[in-house]
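Geometric and topological summary
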Amino acid sequence: MRISHASKAVALSAALALTLSACGGGSSETPEGNGDAQAGDTSYVVSANTTEPQNGLLPANTNEVGGGRVMDLIFTGLVSYTADGKTQNELAESIETTDSQNYTIKIKSGQTFSDGSPVTAASFVDAWNFGAAAKNAQLNSYFFESIKGYKEVSAENAKKDTMEGLKVVDDTTFTVELSQPESDFPLRLGYTAFFPLPEAAFEDPKAFGEKPVGNGPYTLAEWNHDVNLKLEVNEKYDGPRKAQNGGIDFKVYQSTDSAYQDLISGNLDVLDQVPPSQLASYQSDLGDRSVNSPYAGNATITIPGYLDHFKQGEEGNLRRAAISQAIDRQLVIDKVYQGGKVIAKDFTAPVIDGYSDSIPGSEVLTFNAEAAKKAWADADAISKWDADAELSIGYNVDGAGNKEYVEAVVNQLKNNLGINAVAKPYSSFKELREQVTERKMTGGFRTGWQADYPSLYNFLGALYGTGAGSNDGDYSNKEFDAKLKEGLAATDPAAGAEIFNQAQEILMKDLPAIPLWYQAVQGGWSENVSNVEFGWNGVPLYNEIAGK
Amino acid sequence: MLSFTLKRIAQLIPVFIGATLLVYFLVFATPGDPIAALSGGKPMTPATEAALRAQYNLDQPFWIQYGLYLKNLVTFDLGMSFSGQPVADLLGRAFPVTARLAILALLIEGVFGIIFGVIAGMRKGKFFDSTILVASLIVIAVPTFVLGFVLQFVIGVKLEWAKPTVSGAGTWSELILPAMVLGLVSLAYVIRLTRTSVIENKSADYVRTATAKGLSRNRVVRVHVLRNSLIPVVTFLGADLGSLMGGAIVTEGIFNVPGVGNLLYRAILKGETPTVVAVVGVLVIVFVIANLIVDMLYALLDPRIRYA
């Protein structure tokens, strides 16, 4: 799911990458979760902040945090993710494959949606076909692209609307054939896009999106747009994420500033994003009711390969390395975020299985002003950088905090490289994204990624694969593509991770994006609740929260 | 009077069309691609993108987009937001809350502004007058968001007299605090306006005549001074209603009021033309009607003013 880029007053939407506002962060070691939920009041209705979901609540159309956090609670997929990003079976009895290309998926029998209709193999197959079909225009459609027959259903004016790679065997079994071996396919199955849908959903998807009927630990009892979403416990749910409270009342906030005031006055129980204005003081305000820990997201700067002097090759690589080494990341983190981020050591994020902080070549991500100057001079020897030339870093002003960190980075470039670097504001996220997608940027720009599912590949494939959907800098490296493919084909996830990290060695040389830091969640909770823990993606594990 | 009213209401039509055309064009002309923002930078298949563009007519040139909008408007279809909700529903939820907020703010600034203004004007140069002048100067000088945060923190968080934010319902009592913040700056202006006007009228011939006739001071102030002093104040209040409704973005943000200001702000950032145009359209209507009411009040306040 993407990150919300906006933050200040608006929950605007989203962004991929780009953001600061992110909601949330994750941690496996929440300080003072206060452990045993048994001691808590399990009938207490927890209030939590959210932003208005941007679309009707359909699995394949929910691609941002506001809707995603609700979807994760009212639906459940074949697997779900634990706080530390491991997958656990939910509806899946077993997911079997011998070649990472053909999967046989058995689901538990006797499972139902909250309206009583059964969850069968067809609930999945139909939902996935619906999500992939072009005529339904679902935002997450690309998530099904690995499945055989996807091209035929997703093209404009497609005639077919079912993928040939999906076959129902019996009520509780279906098979999936991918168009190539992809070992991390099972990891994706906990993502929103892969949730099942009851038959009723297809009759009128739009109406269903307003009043979704799911199979998760909660049901959506009320949705008052721009005001709140009330979740009640789903008694029919029988899985590992059983509710430890009496329901969740999500309040829609236009700014996290007002949510914070509600938190400290006891009118809000859980806040997953402390506003920038309170970063300096929230830990003293809240004491052990606060958390600050990294989650599966990062912030980067992309300098596209279509710019002069930055084309892929020796000169471009030297210049990117120079820029990377010229940024004193820790200083920026301390000054802008009060220390609330962690220096990036790779292109993915901690919390992900297979993460390594010592990938060969990663020293290019360490501040070293001298090496930076030397690399820049070496690049000048190949083709001279005009001393008056401007190097801009673009950012959208409608996301709180963007300006501060981009300007800090730009100052580092000015001081440490002696070049004319400028921070270039764009009036809105939509303006920045338009320039980026039309390849009209005249300089670098802020990017980033928040993982959809806990996997190294999720950070690498969509961003740096040749021609990939979010490859904003037009990066292309055959060697890297080959490594990705090899990693996907590995049958053992650990072996796959090793190959993905070898692929990252190539990225360290080419720097298609310059990693800055890992995102971290700064959150807090009230005295009324206990056992608050934040997940691998920075979203609180709402079902585990209990009253006091 | 009736024909005057009808004429003014008829004026609404060209004003409304002109305003919506202008706003529609302005949103159209702002840089950025709403669909690119919808994907949030994640990949989007070409088919999905094309379908979304077609759904919101974004693949059409300006005149066709605007024409289609007008065509739907005739059937009271205000279009769809990017979240797939009818804009009419968005308006229906946000406007009542904002209207309550604006009316409360208007009441606060009207009632207190006129009372304080009259007292200050009648006691020009005295202690009360000086205090009010200094206090209103401070209020005018301090930005709304500072006032808002301070009041929210003191009254909502420290004293806990009210909740720091407004619930979704936006009831009258909840809105008093935000309305105070919203109305405070205008309150200062109303005080100063009333005061100046009262001072001017105090020495007018008809006031002296009234006093010389031996009327009670109370009656002189109420009927002769105040009534004649109200015209500029009423003009200000009428124009202010519109800005209170459309310009409450800061106040709505601080107190999390689900009103029109934030709806408009978010829609502008997203490039959601139908919502922007609809909100502005309704605000235009509010403005025109408020001014019409002001004009009628003139006749009521000053019998010399007549509308043929």
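Residues numbered from 1 in each chain as written. Chains lettered and ligands numbered in written order. Predicted model: local features only at pLDDT ≥ 70, side-chain atom pairs only at ≥ 80, totals over all residues. Heavy atoms only, no water.

An unreviewed UniProt entry lists chain B under the name ABC transporter permease, with Glutamicibacter soli as the source organism. According to UniProt, the comment filed for chain B under the heading Sequence similarities (unreviewed entry) is "Belongs to the binding-protein-dependent transport system permease family." Quoted verbatim from the Subcellular location (unreviewed entry) field of the UniProt record, the comment on chain B reads "Cell membrane". (UniProt positions renumbered as here; feature names shortened; annotations may be inferred.)

Within an unreviewed UniProt entry, the label attached to chain A reads ABC transporter substrate-binding protein, and the organism entered is Glutamicibacter soli.

1. Structural notes on the environment of Lys345(A)
All names here are of chain A. As for its position among the elements, Lys345 is in the loop between strand E15 (342–343) and helix H11 (369–382). Considering only alpha carbons, one finds Lys345 and Gly190, 155 residues apart in sequence, at a separation of 27 Å. Not counting chain neighbours up to four residues away, the residues in contact with Lys345 comprise Tyr355, Asp357, Ser362, Leu365, Met508 and Tyr518. (Helix = DSSP H or I, 4+ residues; strand = E, 2+ residues; numbered from the N terminus. Contact = heavy atoms within 4.5 Å.)

2. Considerations on the environment of Gly253(B)
Looking at the secondary structure, you find Gly253(B) in helix H11 (residues 249–255). In the structure, Gly253(B) is positioned 89 residues away from Pro164(B) in sequence and 12 Å away in space, judged by C-alpha atoms. Those residues within four positions of Gly253(B) in sequence are excluded, and the remaining contacts are Gln254(A), Ser255(A), Ser258(A) and Asn262(B).

3. What about the UniProt feature "domain: ABC transmembrane type-1" (unreviewed entry) in chain B?
Per the UniProt record, "domain: ABC transmembrane type-1" (unreviewed entry) is found at residues 95–298 of chain B. A helix fraction of 82% and a strand fraction of 0% characterise residues 95–298 of chain B, whose end C-alpha atoms lie 28 Å from each other.

4. A short note on the pairing of strand E7 (residues 102–107) of chain A
Residue and element names in this part refer to chain A. Residues Tyr103, Ile105 and Ile107 line the buried face of E7, whereas the alternating positions Asn102, Thr104 and Lys106 sit on a face that is not buried. Sheet topology note: the strand E6 (residues 92–97)/E7 ladder contains 5 bridges and is antiparallel. Counted as the bridge partner of Ala92 is Ile107 from E7. Linking two consecutive strands that pair antiparallel, namely E6 and E7, is a turn of 4 residues; a positive phi of about 60° is found at Ser100 within it. (Buried < 20%, exposed > 50% of the residue type's maximum accessible area, 1.4 Å probe, protein only. Pairing = 2+ DSSP bridges.)

5. Describing the interface of chain B and chain A
Contacts between chain B and chain A engage 52 residues on the former and 56 residues on the latter. For the pair chain B and chain A, the summed buried surface comes to about 4000 Å²; carbon and sulfur atoms form 58% of the total. By the criterion of area lost to chain A, the three top residues of chain B are Lys42(B), Pro43(B) and Leu269(B), representing 17% of everything that side buries. In this structure, the connection of chain B to chain A is made through 2 salt bridges. A salt bridge links Asp226(A) to Arg266(B); the shortest N-O distance between them is 3.4 Å. The tally of links between chain B and chain A comes to 14 residue pairs in polar contact (both at pLDDT 80 or more). (Buried area = accessible area lost by both parts, 1.4 Å probe. Salt bridge = Lys/Arg side-chain N within 4 Å of Asp/Glu carboxyl O. Polar contact = N/O pair within 3.5 Å; in protein donor to acceptor, adjacent residues only side chain to side chain.)

6. A word on the UniProt feature "transmembrane region" (unreviewed entry) in chain B
Residues and elements named next belong to chain B. According to UniProt, the "transmembrane region" (unreviewed entry) feature falls on residues 12–30, 101–120, 132–155, 175–193, 229–255 and 275–301. Secondary structure across residues 175–193 comprises 95% helix and 0% strand; the distance between its end C-alpha atoms is 26 Å. In this annotation, residues 229–255 is assigned 93% helix and 0% strand; the end-to-end C-alpha distance for the span is 35 Å.

7. Some remarks on the packing of helix H14 (residues 456–464) of chain A against helix H16 (residues 493–510) of chain A
Residues and elements named next belong to chain A. Axis separation between H14 and H16 bottoms out at 10 Å; the angle between their running directions is 40°. Comparing their axes, H16 and H14 come out oblique. Here the hand of the crossing between H14 and H16 comes out left-handed. Residues Leu456, Tyr457, Leu460 and Tyr464 of H14 form the contact with H16, whose participating residues are Ala497, Phe500, Asn501, Gln504 and Leu507. A per-class count over the contact of H14 with H16 returns 7 nonpolar, 2 polar and no charged. (Axes fitted to C-alpha atoms, helices over the stretch in contact; angles between N-to-C directions. Parallel < 35°, antiparallel > 145°, perpendicular 65-115°, else oblique. Left-handed = near helix turned anticlockwise from the far one by under 90°. Nonpolar A, V, L, I, M, F, W, Y, C, P; charged D, E, K, R; others polar.)

8. Considerations on the side chain of Asp380(A)
Residues and elements named next belong to chain A. Inspection of the secondary structure assignment puts Asp380 in helix H11. The exposure class of Asp380 is buried, given its relative accessible area of 18%. Of note is the side chain of Asp380, whose polar atom sits 3.0 Å from the side chain of Arg319. Among all residues touching Asp380, those that are not within four sequence positions of it are Arg319 and Trp385.

9. Comments concerning helix H10 (residues 329–337) of chain A
All names here are of chain A. Restricting attention to buried positions, one finds in H10 the residues Arg329, Val332, Ile333 and Tyr337. On an axial view of H10, the arc spanned by its buried residues comes to 100°, and they lie on one face. If you follow the buried residues of H10, they end up packed against helix H9 (314–325), E15, helix H12 (402–417) and strand E19 (514–525). Following H10 by one or two positions, Gln338 has its phi on the positive side, about 50°. (Arc of directions from axis to C-beta.)

10. Brief notes about the domain arrangement of chain A
All names here are of chain A. Once the domains are mapped, chain A shows domain 1 (34–269 + 526–547) and domain 2 (297–383 + 444–520). Distance between the C-alpha centres of domain 1 and domain 2: 30 Å. Facing 18 residues of domain 1, the contacting portion of domain 2 comprises 16 residues. At the boundary of domain 1 with domain 2, total buried surface from both sides reaches about 1500 Å², with 57% on carbon and sulfur atoms. When the buried surface of domain 1 facing domain 2 is broken down by residue, Ser183, Asp184 and Trp536 rank first, second and third, together holding 33% of it. Asp353 serves as the salt-bridge partner of Lys86, at 3.2 Å between the closest nitrogen and oxygen. Linking domain 1 with domain 2 are 8 residue pairs in polar contact (both at pLDDT 80 or more). (Domains from an automatic or database assignment.)

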